[in-house]
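# Understanding the architecture of this molecule
The lines below spell out each chain.
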Amino acid sequence: MPVLEINAISKSYGKIKALDAVSFSIPQGSVFGLLGPNGSGKTTLLSIVLDVLQADGGGYKWFGHPPSYLQRKKIGSLLETPNIYHYLTAVQNLRITQSISGRGNEEDIHAVLEKVNLHERKNSRFSTYSLGMKQRLAIAAALLGDPSVLVLDEPTNGLDPVGIAEIRDLIKALSDHGHTVIMASHLLDEVEKVCDHVAILKRGKLIASGTVESVLSAEDCIVLNAADQRLLKECINGYPGLIRMNGTAEGLECYFATGTSAAEQINRFCFEQGLVLSQIVVKKKRLEEKFFELTAE
């Protein structure tokens, strides 16, 4: 059963269509990346499923049921910068969060600090924390009450490479401990490193969703080189199933429908045409490349 089912959700701000009949589901136990350029509708969608905004149309279900207060208690979220006091310690800040939200207890406060690797600094003032530590404390606040799902909007925004690595490792650890993590982000490289499922939005429309592997696997890319690149282009242009080719500094990138080509077959084809390849490399497409392909004008 999916943790979250989104069914044709639409939302407009005046003449601006923020979301246009968006539908997809999020599997239990996944690390799910919600991607899209600025203004694509990511934060609006998260705000709707967290009952912060009201959708104009469509609906959603958490854990197979319509949204309710009981369902919401199973979800921890970090949509904006939390109300954390710089002059208080981590424990003191979490006590305030706990008293306001009603989630967790004193024992739980120490447990979440262990989860985010801040227990040794539990009595240090927030103002003494690095940016990465501050964000980990914000995530600790969302973990109070041990929610089964954690929703994070741009969790690495504004962090340096060290802070980004800290949050990436934390998300992996939370997933290993059984939490489903839903994260919106524009840092595609980080999403590719931690997410196993993804949905891509563009101007409020869903343009791709599924496992990261399936989103990336629409095409095979093989890089070819030969002593005569002009002859190589002429030769490979006659290969069955070729979709397109692109000359790069690495060589001739050749794209084929998934599963329709293999390095050995291409090498044999070129050899039979009298062309000897000097290099043939199967290239794994990165999420960043696919994202820009899908969201290009």
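Shown above is the structure to which this text applies.
Read on for an overview of the structure. Here the residue numbers are simple positions, counted from 1 along each chain's written sequence. For a predicted model such as this one, the threshold for reporting local features is a pLDDT of at least 70, and the threshold for listing and counting side-chain atom pairs is 80 or more; totals across whole chains, interfaces and linings nevertheless cover every residue. In computing side-chain properties, one takes all heavy atoms of the structure into account and sets aside hydrogens as well as water.

### Concerning the overall build of the protein
The helix and strand labels rest on DSSP assignments: H or I over at least four residues marks a helix, E over at least two residues marks a strand, and numbering proceeds from the N terminus. Summing up its helical and strand segments, the protein has eleven helices and 13 strands in all. In terms of its C-alpha atoms, the protein occupies a principal-axis envelope of roughly 75 × 45 × 35 Å. Under the scheme applied here, a residue whose accessible area is under 20% of the maximum for its type counts as buried, over 50% as exposed, and between as partly exposed, the area being computed with a 1.4 Å probe on protein chains only. Taking all 297 residues of the protein together, 45% fall into the buried category. As displayed, the protein offers around 14700 Å² of accessible surface, 51% of which is attributable to carbon and sulfur atoms. Counting rule for charge: Lys and Arg are taken as positive, Asp and Glu as negative, and neither His nor the chain ends is counted. Charge positions are represented by NZ for Lys, CZ for Arg, CG for Asp and CD for Glu. With 31 positive and 34 negative side-chain charges, the protein shows a spacing of 5 Å between the two charge centroids. Throughout, the Shrake-Rupley method with a 1.4 Å probe supplies accessible areas, and for residues the shown protein chains are the sole cover considered.

### Focus on the sheet that holds strand β6 (residues 149-153)
Note on pairing: DSSP must find at least two bridges between two strands before they are called paired. Strand order in this open sheet of six strands is β5-β6-β7-β3-β8-β9, and the pairing throughout is mixed. Lying at the two open borders of the sheet, with one neighbouring strand each, are β5 (75-78) and β9 (205-211). Between one strand axis and the next, the sheet turns by 15° as a mean value, whatever way the strands run. Where β6 lies against strand β7 (residues 180-185), five bridges are found, and the strand directions are parallel. Orientation is described by lines fitted to C-alpha atoms, with helices fitted over the stretch in contact, and by angles between N-to-C directions that extend from 0 to 180 degrees.

### Structural notes on the sheet that holds strand β12 (residues 252-257)
Judged by pairing direction, the sheet is antiparallel, and its four strands sit side by side in the order β11-β12-β10-β13 without closing on themselves. Bordering the open sheet on either side are β11 (242-247) and β13 (277-283), each of which pairs with just one other strand. Direction aside, neighbouring strands of the sheet carry axes that sit 25° apart on average. As paired strands, strand β10 (residues 219-226) and β13 are joined by six bridges and run antiparallel to one another. The partner of Ala226 across the bridge, within β13, is Leu277. Its contacts with the sheet place helix α9 (residues 229-236) against β10, β11, β12 and β13, and it is angled at close to 140° to β10. In this description, contact between two residues means that some pair of their heavy atoms is separated by no more than 4.5 Å.

### Considering α9
Buried within α9 are the following residues: Leu232, Cys235 and Ile236. Looking straight down α9, one finds its buried side chains confined to an arc of 85°; they lie on one side. Here α9 starts with a cap whose side-chain oxygen sits 3.1 Å from the backbone nitrogen of Arg230, and that cap is Asp228. It is the directions from the helix axis to the C-beta atoms whose arc is reported. Polar contacts here mean pairs of N or O atoms no more than 3.5 Å apart (in protein, one a potential hydrogen donor and the other a potential acceptor; neighbouring residues in sequence count only if both atoms are side-chain atoms).

### Describing the pairing of strand β3 (residues 31-35)
By the criterion of burial, β3 is predominantly enclosed, with five of the five residues buried. Residues Val31, Gly33 and Leu35 point to one face of β3 and Phe32 and Leu34 to the other, with burial holding for every one of them. Sheet topology places β3 next to β7; five bridges connect them, and they run parallel. Residue pairing for β7: Leu35 is matched across the bridge by Ser185. With four bridges connecting them, β3 and strand β8 (residues 197-202) associate as parallel partners. Residue pairing across strands places Gly33 opposite Val198, the latter belonging to β8.

### Looking at the packing of aromatic side chains
Stacked, tilted and edge-to-face pairs are distinguished by plane angle, under 30 degrees for stacked and over 60 for edge-to-face with tilted covering the rest, among Phe, Tyr and Trp rings (Trp via its six-membered ring) whose centres lie within 6.5 Å. Throughout the structure, instances matching the rule amount to six aromatic pairs. Considering the side-chain rings of Tyr85 and Tyr87, the 6.0 Å spacing of their centres and the 55° angle between planes classify their relative orientation as tilted. With relative accessibility at 28%, the residue Tyr85 sits in the partly exposed group. Judged by its relative accessible area of 55%, Tyr87 falls in the exposed class. Where Phe126 meets Tyr129, the ring centres are 6.0 Å apart and the plane angle is 55°; that geometry is what we call tilted. Judged by relative accessible area, which is 6%, Phe126 ranks as buried. Comment: the charge-over-ring label is applied if NZ (Lys) or CZ (Arg) is within 6 Å of the ring centre and within 35 degrees of the ring normal. Seen from the ring of Phe63, Lys74 lies directly overhead, with NZ or CZ sitting 4.9 Å from the centre. It is Arg244 that lies over the ring of Tyr255; its NZ or CZ is 3.8 Å from the centre.

### Quick notes on the packing of helix α3 (residues 90-101) against helix α4 (residues 106-115)
The contact between α3 and α4 brings their axes to 10 Å, and the two run at 125°. Relative to α4, the element α3 lies oblique. Here α3 and α4 pass one another in a crossing that is right-handed. Contact residues: α3 offers Ala90, Val91, Leu94, Arg95 and Gln98, while α4 offers Glu106, Ile109, His110, Val112 and Leu113. Under the convention adopted here, Pro, Cys and the residues Ala, Val, Leu, Ile, Met, Phe, Trp and Tyr are nonpolar, Asp, Glu, Lys and Arg are charged, and Gly plus all remaining residues are polar. Per-class residue counts for the contact of α3 with α4 are six nonpolar, two polar and two charged. Should an angle fall under 35 degrees it is called roughly parallel, over 145 degrees roughly antiparallel, and 65 to 115 degrees roughly perpendicular, with every other angle called oblique. Put simply, a crossing is left-handed when the front helix is turned counterclockwise from the back one by less than a right angle, and right-handed when it is turned clockwise.

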